[in-house]
Amino acid sequence: MINGIMVFAGKKLIRLAALLASVSIITFALVAMSPIDPVQSYIGADVMRVGAEQRQEIAAYWGLDRPFPERFIKWTSALLQGDMGTSMIYREPVTHVIAERFMHSALLMAFAWLLSGVIGFIAGVAAAMRKDSWLDRLIKSYCYTLASTPSFWIGLLLMMIFAVWLGWLPVGMGVPAGVLAENVTWADRLRHMVMPVLTLSVVGIAPIALHTRQKLIDVMDSDFILFAKARGERGLGLLLRHGLRNIALPAITLQFASFGELFGGAVLAEQVFSYPGLGQATVEAGLRGDVPLLMGLVLCSTLFVFTGNALADYFYRMVDPRLRYRKEERA
Amino acid sequence: MPLLEVNKLSISFVQYVKGSVQQRITVVDELDFAINEGEIVAVVGASGSGKSLLAHAIMGILPKNVETTGSILYGGELLDEKLLRRHRGREIALVPQSISFLDPLMRVGKQLHTRADGEVQDKERDSLFERFQLGKHVARLFPFQLSGGMARKVLVSTAALGRTRLIIADEPTPGMHPDDVAEALGRFKQLAEGGCAVLFITHDIEAALRIADKVAVFYAGEAIELAAADDFKGQGERLRHPYTKALWRALPQNGFEPITGTQPARSSDVQGCLFAARCSSYAEDCKTKRPESREVRGGMVRCLHAT
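Treat the numbers as computed from the prediction; the structure is a model and nothing was measured.

Visitor: Looking at this structure, I do not really get the overall build of chain B. What am I missing?
Guide: Summing up its helical and strand segments, chain B has eight helices and twelve strands in all. Expressed as lengths along the three principal axes of its C-alpha atoms, the size of chain B is roughly 60 × 50 × 40 Å. Scored against the burial criterion, the 307 residues of chain B give a buried share of 52%. Within chain B, contacts between residues at least 6 apart in sequence are counted, and of these 64% link residues at least 24 apart. Looking at chain B as shown, the accessible area adds up to about 13700 Å², and 51% of this sits on carbon and sulfur atoms. Side chains of chain B give 39 positive and 38 negative charges; the mean places of these two sets differ by 3 Å.

Below, the structure written as structure tokens:
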């Protein structure tokens, strides 16, 4: 068992290294080809007061005048020593920016992830168990509507209702404005998190509910459920004993593979709510040509998505013995 | 009074053909038979003749879009959902036909046990495992790890046989080693001697004849003959229906004469005898007149010309 985990982890680590290397090269190349001039976006409004010579000095200071491969190799060697460079827009080491932002985003995404997973799974099971009832139709129409709705639009809608009309929740940001950092309470943070979390999870429910529903319907039609019924099992007991484990696979796939979508959704949701998370930082870094920060964020999100997929792979093997043992193997 | 009595049982389902045009497909047509306690009735027929559906109809586990007419009586009482809830998995046990009837993600040992079970049933299954020479490790395996023969034995062991009064065995023997077939048949025989009624569904006539008292032959959803096991003798002179005779003569030891053609698919617009196209004693009226079941020489037959 322990041996199996080590082999599994070893294989995954090799893949991760290859993935990170190729993502770095591609991102670096894309940034180098992008029309955004980092010097230009760094200077910003001061464009009239900065001459061509000063620009060149700034470019030289950052090493932007060096050829692309040289810059990449320099960045890589620094990265391997644990130095991700300094963010140009925040004037702080990239690691600090990401760590701080990650705290905000991680909490936001964790809440949204749990909520959408749990609610989606329960809704899917409920719909399948009461197939073709009004409950099923309600859940299905909710899912179809939400699956075809962009998350930023939901965000705007929630903002209109809860922040503007009802005034129950703050319009945006991670903490109240005009309050000293040490006076910000957890209640404040949570209040600011409610709407982004809702936005993300409301959209995330649909796929997991629909897949769970369909899978459970298929499972309930299968021979082994038929036989379990013939042996006197029924209702909730039947579902718990034979249903849940068999529908867990697609739910796990979706839930862990959704790390990527979650991150993508967070970019939009955070932008709408001016929430100071990783997503917002990514948009900023991209728009203003902050290469070190962008690279750091890309690597972070790659790691994040990869972890999600690796976890899904691992849980498969836990849930389904067919992936764990071969035919002739004796447990 | 027979333990199980099936009266005019028809099983059909409605299918959509081309958009909204409905077609009713009859898979079992006006079936009558009865099993007494201590009796083994074999249901013999080719694949697709409706045998498994009969088993599922008795267990009350047919899909929702399936309609049944006629009645099934158990111990003289109408075997409805209420009665089934009391007896399913207890007095009435189904031995399913393939490993796909076991939960793929659950260890075999855990599946054998149902909620209605006590220690007695567990012990009984343990002793069945021993009889079938299934090692203790088999209980720790998952269904996909079983070989074909092992799977059959496990499926037979799912019926906790002591408390069972009616066993419906749906193809329980194919794929088993001949010794194990003998063992399984022996178990069924022994159970019948103890007062249990057994409905033995199979396409293996030889296995059926080794233990059955009566044999019902299915053809395209109809029971075309119900004969005593003793009628299967010699060249089949005592058999009534041409199909049964042909089946009997197709066995290697009885001449090995194959019969041409295939079993027709059922749809609502069948006229005349379903076997007419392949029949050796075909006459003109077979094409137009539907044979009703009638009694001939102490057995039942569905043929216009049987004597």
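Visitor: What am I meant to see in the overall build of chain A here?
Guide: Helix and strand counts for chain A come out as 14 helices and zero strands. Reading chain A from its N end, one meets helices and strands in the order α-α-α-α-α-α-α-α-α-α-α-α-α-α. Considered along the principal axes of its C-alpha atoms, chain A spans approximately 85 × 60 × 35 Å. The 331 residues of chain A split such that 41% are buried. If you take every contact in chain A between residues at least 6 apart in sequence, the share linking residues at least 24 apart comes to 73%.

Visitor: How do you make sense of empty space enclosed by the protein when you look at a structure like this?
Guide: Which parts of space are left empty comes out when a probe the size of a water molecule is rolled across the atoms. Per the stated rule, a full pass over the model turns up four cavities of 30 Å³ or more. Taken as a whole, the largest cavity holds about 80 Å³ of empty space. At three residues, strand S6 (residues 92–95) of chain B tops the list of elements feeding residues into the lining of the largest cavity. In terms of residue class, the lining of the largest cavity is made up of six nonpolar, four polar and four charged. Each pocket or cavity is described by its volume, and for the second largest cavity that value is around 50 Å³. Elements supplying a minimum of two residues to the lining of the second largest cavity: helix H9 (223–230) and helix H10 (235–257) of chain A. By residue number, the principal contributor to the lining of the second largest cavity is H9(A), which donates three residues.

Visitor: Help me out: how do you make sense of the interface of chain A and chain B in this one?
Guide: You'll often see interface size given as the accessible area lost when the parts meet. On the side of chain B, 31 residues touch chain A, which itself brings 25 residues to the contact. With both chains or domains summed, chain A and chain B bury close to 2700 Å², and 59% of this area falls on carbon and sulfur atoms. Taken as a group, Phe227(A), Arg231(A) and Arg241(A) account for 25% of the area that chain A buries against chain B, more than any other trio of residues on that side. Taken together, chain A and chain B are joined by zero salt bridges. Every element with two or more residues in the side of chain A that touches chain B is listed here: H9, H10 and helix H14 (321–324) of chain A. With six residues, H9(A) is the single largest residue contributor to the side of chain A that touches chain B.

Visitor: Teacher, can you tell me more about a nonpolar patch on the surface here?
Guide: All names here are of chain A. Nonpolar side chains collect at one region of the surface, where Phe 152, Trp 153, Leu 156, Leu 157, Met 160, Ile 161, Val 164, Trp 165, Leu 166, Trp 168 and Leu 268 lie side by side and expose about 1100 Å² of accessible area between them. Among the elements that make up the nonpolar patch, the one with the highest residue count is helix H7 (residues 151–165) (eight residues). Topologically, Met 160 is positioned in helix H7.

Visitor: I would appreciate a short explanation of the nonpolar core in the present structure.
Guide: One broad rule of soluble globular proteins: the nonpolar side chains tend to lie buried together. Grouped together as the largest cluster of nonpolar side chains are 97 residues, with contacts concentrated most on Ile168(B), Leu199(B) and Phe200(B). Each residue touching Phe200(B), except ones within four places of it in the same chain, is listed here: Ile40(B), Val41(B), Ala42(B), Val43(B), Ala169(B), Pro172(B), Thr173(B), Leu185(B), Phe188(B), Ala207(B), Ala208(B) and Ile211(B). Listed in part, the 54 residues of the second largest apolar core include Met195(A), Leu200(A), Val291(A) and Leu293(A).

Visitor: Any chance you could explain unusual backbone geometry here in plain terms?
Guide: Residues and elements named next belong to chain B. Even without being glycine, Glu 30 reaches a positive phi, approximately 40°. Along the chain, Glu 30 turns up in strand S2 (residues 21–35). Positioned with a positive phi, Phe 256 is a non-glycine residue whose angle comes to about 60°. Secondary-structure assignment places Phe 256 in the loop between helix H8 (242–250) and strand S11 (294–296). For Phe 256, a relative accessible area of 58% gives the class exposed.

Visitor: What should I look at first to understand the state of the cysteines in this one?
Guide: Working definition of a disulfide: a covalent bond connecting the sulfur atoms of two cysteines. For the structure shown, the criterion picks out zero disulfides over all chains. Here Cys303(B) stays unpaired: no disulfide links it, and the sulfur of Cys279(B), its closest cysteine neighbor, is 6.0 Å away.

Visitor: Hey, could you run me through the sheet that holds strand S5 (residues 77–78) of chain B in this one?
Guide: Residue and element names in this part refer to chain B. Strand order in the open sheet formed by four strands is S2-S1-S4-S5, and the pairing between neighbours is antiparallel. Edge positions in the open sheet fall to S2 and S5, since each of these has one partner strand only. Taken together, the eight bridges between strand S1 (residues 4–17) and strand S4 (residues 66–74) define a ladder with antiparallel strand orientation. Residue Asn 7 lies in a different strand from S4, and its bridge partner there is Ser 71.

Visitor: Even after reading the chapter, I still don't get the layout of surface pockets, so can you show me in this structure?
Guide: In this structure, the largest pocket encloses a volume near 1400 Å³. Every residue lining the largest pocket is counted, 40 residues in all, and those nearest its centre are Lys229(A), Ile61(B), Leu62(B), Pro63(B) and Lys64(B). Of all the secondary-structure elements, those providing two or more residues to the lining of the largest pocket are helix H5 (94–129), helix H8 (186–220), H9 and H10 of chain A together with helix H1 (51–59), S4 and helix H2 (81–87) of chain B. The dominant element in the lining of the largest pocket, judged by the number of residues it contributes, is S4(B), at seven residues. Among the residues forming the lining of the largest pocket, the class breakdown is 18 nonpolar, eight polar and 14 charged. Its boundaries defined by the atoms lining it, the second largest pocket holds a volume of some 720 Å³. Lining the second largest pocket we find 22 residues, and of these Trp62(A), Trp75(A), Gly85(A), Thr86(A) and Pro292(A) sit closest to its centre. If one sorts the elements of the lining of the second largest pocket by residue count, helix H4 (residues 68–80) of chain A sits on top with five residues. Counted by class, the lining of the second largest pocket contains twelve nonpolar, four polar and six charged residues.

Visitor: Can you help me understand the pairing of strand S9 (residues 214–219) of chain B in this one?
Guide: Note on strand geometry: in a regular strand, side chains alternate between the two faces of the sheet. All names here are of chain B. Counting buried residues in S9 gives five out of six residues, a clear majority hidden from the surface. Here strand S3 (residues 40–45) runs beside S9; their pairing, made up of five bridges, is parallel. If you follow Val 44 over to S9, its bridge partner there is Val 217. Pairing geometry for S9 and strand S10 (residues 222–228), over six bridges, is antiparallel. The residue of S10 that forms the bridge with Ala 216 is Leu 226.

Reading the values: the criteria
Residues numbered from 1 in each chain as written. Chains lettered and ligands numbered in written order. Predicted model: local features only at pLDDT ≥ 70, side-chain atom pairs only at ≥ 80, totals over all residues. Heavy atoms only, no water. Helix = DSSP H or I, 4+ residues; strand = E, 2+ residues; numbered from the N terminus. Buried < 20%, exposed > 50% of the residue type's maximum accessible area, 1.4 Å probe, protein only. Contact = heavy atoms within 4.5 Å. Areas by Shrake-Rupley, 256 points an atom, 1.4 Å probe, with all protein chains shown as cover. Lys, Arg positive; Asp, Glu negative; His and termini not counted. Charge placed at Lys NZ, Arg CZ, Asp CG, Glu CD. 1 Å grid on protein atoms, 1.4 Å probe; cavity = no way out; pocket = protein on both sides within 12 Å on 5 of 7 lines; lining within 4 Å. Points joined across faces, edges and corners; volume = space filled by probe spheres on them. Nonpolar A, V, L, I, M, F, W, Y, C, P; charged D, E, K, R; others polar. Buried area = accessible area lost by both parts, 1.4 Å probe. Salt bridge = Lys/Arg side-chain N within 4 Å of Asp/Glu carboxyl O. Patch = residues over 30% accessible without salt bridge, like charges linked within 9 Å, V, L, I, M, F, W, Y side chains within 5 Å. Core = buried A, V, L, I, M, F, W, Y, C linked by side-chain atoms within 4.5 Å. Disulfide = S-S within 2.5 Å. Pairing = 2+ DSSP bridges.

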